[in-house]
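Below, each chain spelled out in residue letters.
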Amino acid sequence: EDGGCPDTTIYDPRFILPFLSQLMAPEMYMDKHMRLVDSGALSYAIASLSSREWGVRAAGYHVLARVVGAMDTAKLAQEKQVWLHILSLIRNGLATGSNTPRCARLSSLVTVFLVRVVDILLTPLSTLYKTVSRSILAKPAMDLQAVPEFSRLLNSADLNSTGEQRWVLEVVRDGMRDNLDYSLANRSFVCKILKSQWGSVAIDRVGHLQILDILERCVATNYGCTDLVTRHGLLTWLVAIIKQDRVDKLYIKKVVNIVKISWETICSIEERKQDEKKGLLTKLIQTEMKILLGQLQVTAERKQDAELRANIENISSSLDLISTSASQ
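Residues numbered from 1 in each chain as written. Predicted model: local features only at pLDDT ≥ 70, side-chain atom pairs only at ≥ 80, totals over all residues. Heavy atoms only, no water.

Draft legend 1. Local environment of the overall build of the protein chain. In terms of regular secondary structure, the protein chain is built from 17 helices and zero strands. Over its C-alpha atoms, taken along the principal directions, the protein chain stretches across nearly 70 × 50 × 40 Å. Within the protein chain, buried positions represent 48% of all 328 residues. Intrachain contacts of the protein chain at a sequence separation of at least 6 include 71% that bridge at least 24 residues. (Helix = DSSP H or I, 4+ residues; strand = E, 2+ residues; numbered from the N terminus. Buried < 20%, exposed > 50% of the residue type's maximum accessible area, 1.4 Å probe, protein only. Contact = heavy atoms within 4.5 Å.)

Draft legend 2. Geometry of the side chain of Ser 43. With respect to the helices and strands, the residue Ser 43 is situated in helix H3 (residues 41-47). Taking the relative accessible area as the measure of exposure, Ser 43 reaches 10% and is therefore buried. What Ser 43 contacts, discounting residues up to four positions off in sequence, is Val 115, Val 118 and Asp 119.

Draft legend 3. Just the packing of helix H13 (residues 222-230) against helix H15 (residues 249-272), in detail. At their nearest, the axes of H13 and H15 sit 10 Å apart, and the two run at 110 degrees to each other. Taken together, the axes of H13 and H15 lie roughly perpendicular to each other. Along its contact with H13, which presents Asn 222, Cys 225 and Thr 226, the element H15 presents Ser 262, Thr 265, Ile 266, Ser 268, Ile 269 and Arg 272. Considered class by class, the residues forming the contact of H13 with H15 number three nonpolar, five polar and one charged. (Axes fitted to C-alpha atoms, helices over the stretch in contact; angles between N-to-C directions. Parallel < 35°, antiparallel > 145°, perpendicular 65-115°, else oblique. Nonpolar A, V, L, I, M, F, W, Y, C, P; charged D, E, K, R; others polar.)

Draft legend 4. Representation of the side chain of Asp 181. Here Asp 181 shows up in helix H10 (residues 179-187). Of the side chains with opposite charge, Arg 105 comes closest to the buried, unpaired Asp 181, at an N-O distance of 5.1 Å. In this structure the side chain of Asp 181 is engaged in a polar contact, spanning 2.9 Å, whose partner is the backbone nitrogen of Arg 177. With residues up to four places along the chain from it excluded, the contact list for Asp 181 reads Ser 107, Ser 108, Leu 109, Gly 175 and Met 176. (Lys, Arg positive; Asp, Glu negative; His and termini not counted. Salt bridge = Lys/Arg side-chain N within 4 Å of Asp/Glu carboxyl O. Polar contact = N/O pair within 3.5 Å; in protein donor to acceptor, adjacent residues only side chain to side chain.)

Draft legend 5. Quick look at the pattern of salt bridges. According to the stated counting rule, one finds 11 salt bridges in the structure shown. Ionic pairing is found between Glu 149 and Lys 139, a salt bridge with its closest N-O pair at 2.3 Å. Placement of Glu 149 in the loop between helix H7 (129-136) and helix H8 (150-154) and of Lys 139 in the loop between H7 and H8 is noted, with a sequence separation of 10 residues between them. When its relative accessible area of 10% is taken as the criterion, Glu 149 is described as buried. Here Asp 248 ties to Arg 205 by a salt bridge, and the two come within 2.6 Å at their closest N and O atoms. Of this pair, Asp 248 sits in the loop between helix H14 (234-242) and H15 while Arg 205 sits in helix H12 (residues 205-219); the two residues are 43 residues apart in sequence, bridging distant segments of the chain. Several salt bridges converge on common partners, so that one network encompasses Arg 52, Arg 105 and Asp 178.

Draft legend 6. Structural context of the packing of H13 against helix H16 (residues 280-303). Running from N to C, H13 and H16 cross one another at 40 degrees; their axes reach a closest spacing of 11 Å. Our classification of the angle between H13 and H16 gives oblique. The handedness of the crossing between H13 and H16 is left-handed. Between H13 and H16, the residues in contact are Thr 226, Val 229 and Thr 230 and Leu 281, Leu 284 and Ile 285, respectively. Each residue belonging to the contact of H13 with H16 can be placed in one class, and the counts come to four nonpolar, two polar and no charged. (Left-handed = near helix turned anticlockwise from the far one by under 90°.)

The structure is reproduced here in structure tokens:
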């Protein structure tokens with residue numbers, strides 16, 4: 001009703017976080033402390049730390065502090081140590097950071113990773129249980145300014161390396177939501193590594209599709225779009241993909257989506273600029289964009305896909321319109 005999340009099935013954190021805090025108040029009796037983890041209360045509180053609202057993050061930190069207090073009083077000598085260690089990773093990671101503000105906002109890449117870790121640690125039969133527990137439980141603190149365990153899981157030498165690759169790529173895809181997340185990924189060279197891995201026998205077809213999904217999420221952010229398009233040669237790299245022999249039709253559709261979202265993001269950036277600076281970004285990428293669209297049109301005609309051809313023509317017409325107006 002207030003213009004927030006349109007999905008009415010999602011709990012409002014302004015209600016659920018104070019509710020969880022009340023349940024764990026010192027005067028409240030609690031005999032099943034593991035329900036804090038099984039019910040998703042721990043994961044919900046961790047996820048709230050990436051909220052853009054200061055009040056939601058503050059409530060999330062407060063709930064996590066009460067989780068620690070509740071776990072400390074529990075008699076589960078062995079079970080509680082795992083969850084206390086997960087929370088200590090966050091606390092120590094914040095303590096080791098420089099100039100960390102009060103109720104600091106964590107990247108969604110970090111919170112999504114921790115939530116997925118909690119899910120895996122709850123299911124010891126998971127094929128990822130040994131790998132995740134071995135890497136997480138051995139650390140005293142987590143680096144909150146980098147994508148957790150990205151390089152190690154992507155280049156894993158274990159027998160279940162494919163499962164680990166898919167899992168960490170899913171984490172990056174689902175955690176890439178805004179400029180803060182892309183900044184963290186850029187600091188860890190995520191996009192550079194993924195682009196260099198394209199065509200490698202170490203990554204299967206599903207992994208290649210996940211890479212394109214991640215790039216699609218990146219260009220949906222202002223920082224990610226301008227950085228990848230202007231500094232990392234994303235458009236030229238996409239041309240190389242569609243020029244390959246026997247390129248997968250699904251790859252082409254993903255590339256078209258990336259181009260479409262990139263163009264929409266660039267247009268929205270240009271609209272917010274001052275009059276004297278408008279059109280500079282468009283002129284910078286105009287040549288590369290036209291080359292890519294031309295190659296896509298050739299590929300769409302060869303594949304005889306009418307829908308694909310229509311999407312490409314829409315982007316081309318928009319590009320021509322913007323370019324004409326900018327030159328006048």
